Amino acid sequence: MEETLTESTGENEEEIKKTRMRMELYDWLQCVVTAIILGVLIFVFVGRTIGVDGRSMNQTLRHNDRVIISNLFYKPDNGDIIVFRSPSEQFEHPLVKRVIAKEGQTIDIDFTSGDIFVDGVTLIEPYINNLTNIRHDFNGPLTIPRGYVFVLGDNRNSSTDSRDNVVGLVDTRYILGKVLFILIPGPDDSGQRDWDRFGTVA
């Protein structure tokens, strides 16, 4: 009798272990599936990824950086880095630039000193790669009309932006979203990725 009880108890313990393992596996699968669904919903309704093409936003963004953008409840503000489509046939891909002035604001640029003035106040721009010394087609002061923004690249002397009539003022209806953060840093000239650049942009 004792032997039979021992065998029965051992079988029960094995069944309990198997049941617990199945439950743990099910819980893990549930977590993974939930994470995937949430990820898909976030990318569909909140953000999307886009690749940076060119060097007009150096050093903030670099060529081949992969960034997350969002247009959910978005209203352009000064300093935002945005992605937008240009109505010009010259640009096949969306452009990435920084909002410098928005509707109702007046912008002027001193191309000798490189200073930019918005509503008469000199901008402090720690993010730029070089000073704004190239005029292109800009004639200021310029007041931004309703529904538009004035944008510049951070790499000022290697950027086609609102100073150039090819881009001009950006219609806010063409804005795809604001850049939230760098998802995958682009490789440098040596082919290495600087993962310290992963994260939010300023």
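Since the model is a prediction, treat every value here as computed from it, not as a measurement. (Residues numbered from 1 in each chain as written. Predicted model: local features only at pLDDT ≥ 70, side-chain atom pairs only at ≥ 80, totals over all residues. Heavy atoms only, no water.)

Student: Even after reading the chapter, I still don't get the overall build of the protein chain, so can you show me in this structure?
Tutor: Looking only at helices and strands, the protein chain has one helix and twelve strands in total. Restricting the contact set of the protein chain to residue pairs at least 6 apart, pairs at least 24 apart contribute 59%. Of the roughly 12800 Å² of accessible surface on the protein chain, a fraction of 54% belongs to carbon and sulfur atoms. (Helix = DSSP H or I, 4+ residues; strand = E, 2+ residues; numbered from the N terminus. Contact = heavy atoms within 4.5 Å. Areas by Shrake-Rupley, 256 points an atom, 1.4 Å probe, with all protein chains shown as cover.)

Student: How do you make sense of the packing of aromatic side chains when you look at a structure like this?
Tutor: In this description, a pair of aromatic rings is defined by centroid distance and the angle of the planes. By the definition in use, this model includes three aromatic pairs. On the basis of an interplanar angle of 65° and a centroid distance of 6.1 Å, the ring pair of phenylalanine 111 and phenylalanine 138 is categorised as edge-to-face. With phenylalanine 111 in the loop between strand E5 (106–110) and strand E6 (115–118) and phenylalanine 138 in the loop between strand E7 (121–122) and strand E8 (142–143), this residue pair connects regions lying 27 residues apart in the sequence. You'll find phenylalanine 111 and phenylalanine 138 in the same group, each marked buried. One aromatic cluster is present, built from ring pairs that chain together Phe111, Phe138 and Phe150. Positioned above the aromatic ring of tyrosine 127, the side-chain terminus of arginine 98 is 3.7 Å from the ring centre. (Phe/Tyr/Trp six-rings, centres within 6.5 Å; stacked < 30°, edge-to-face > 60°. Buried < 20%, exposed > 50% of the residue type's maximum accessible area, 1.4 Å probe, protein only. Lys NZ or Arg CZ within 6 Å of the ring centre and 35° of its normal.)

Student: Where do I start with the confidence of the model for the protein chain in this structure?
Tutor: Predicted coordinates in areas of low pLDDT are best not read in detail. For the protein chain, the average pLDDT comes to 87, and 89% of its residues sit at 70 or higher. Taken together, the stretch residues 1–6 has pLDDT below 50 and engages in zero contacts with residues farther than four places along the chain or on a different chain. (pLDDT = per-residue confidence, 0-100.)

Student: Sorry, what's going on with the nonpolar core here?
Tutor: It is characteristic of soluble globular proteins that their nonpolar side chains tend to be buried jointly. Ranked by size, the top nonpolar core spans twelve residues in total: Ile50, Val52, Met57, Leu61, Val67, Ile69, Ile81, Val83, Val96, Leu176, Val179 and Ile182. Residue assignment for this core shows that the elements contributing at least two residues are strand E2 (66–70), strand E3 (81–84) and strand E11 (175–184). The element that contributes the greatest number of residues to this core is E11, accounting for three residues. (Core = buried A, V, L, I, M, F, W, Y, C linked by side-chain atoms within 4.5 Å.)

Student: How do you make sense of the sheet that holds E7 when you look at a structure like this?
Tutor: Paired through backbone hydrogen bonds, the strands of a sheet run either parallel or antiparallel to each other. Reading across the sheet, the four strands line up as E7-E6-E5-E8 and stay open at both edges, with antiparallel pairing between neighbours. A strand with exactly one partner marks an edge of an open sheet, and here the two such strands are E7 and E8. Bridging between E5 and E8 involves two bridges; their strand directions are antiparallel. Within the sheet, the bridge partner assigned to threonine 106 lies in E8 and is threonine 143. (Pairing = 2+ DSSP bridges.)

Student: Just checking my understanding: could you explain the side chain of aspartate 65 for this structure?
Tutor: Following the sequence through the fold, aspartate 65 ends up in the loop between strand E1 (48–51) and E2. Aspartate 65 sits in the buried class, given a relative accessible area of 0%. A polar contact of 2.5 Å, which involves the side chain of aspartate 65, links it to the backbone nitrogen of glycine 186. Filtering out sequence-adjacent residues up to four positions away, aspartate 65 remains in contact with Ile50, Gly51, Val52, Ile182, Ile184, Pro185, Gly186 and Arg197. (Polar contact = N/O pair within 3.5 Å; in protein donor to acceptor, adjacent residues only side chain to side chain.)

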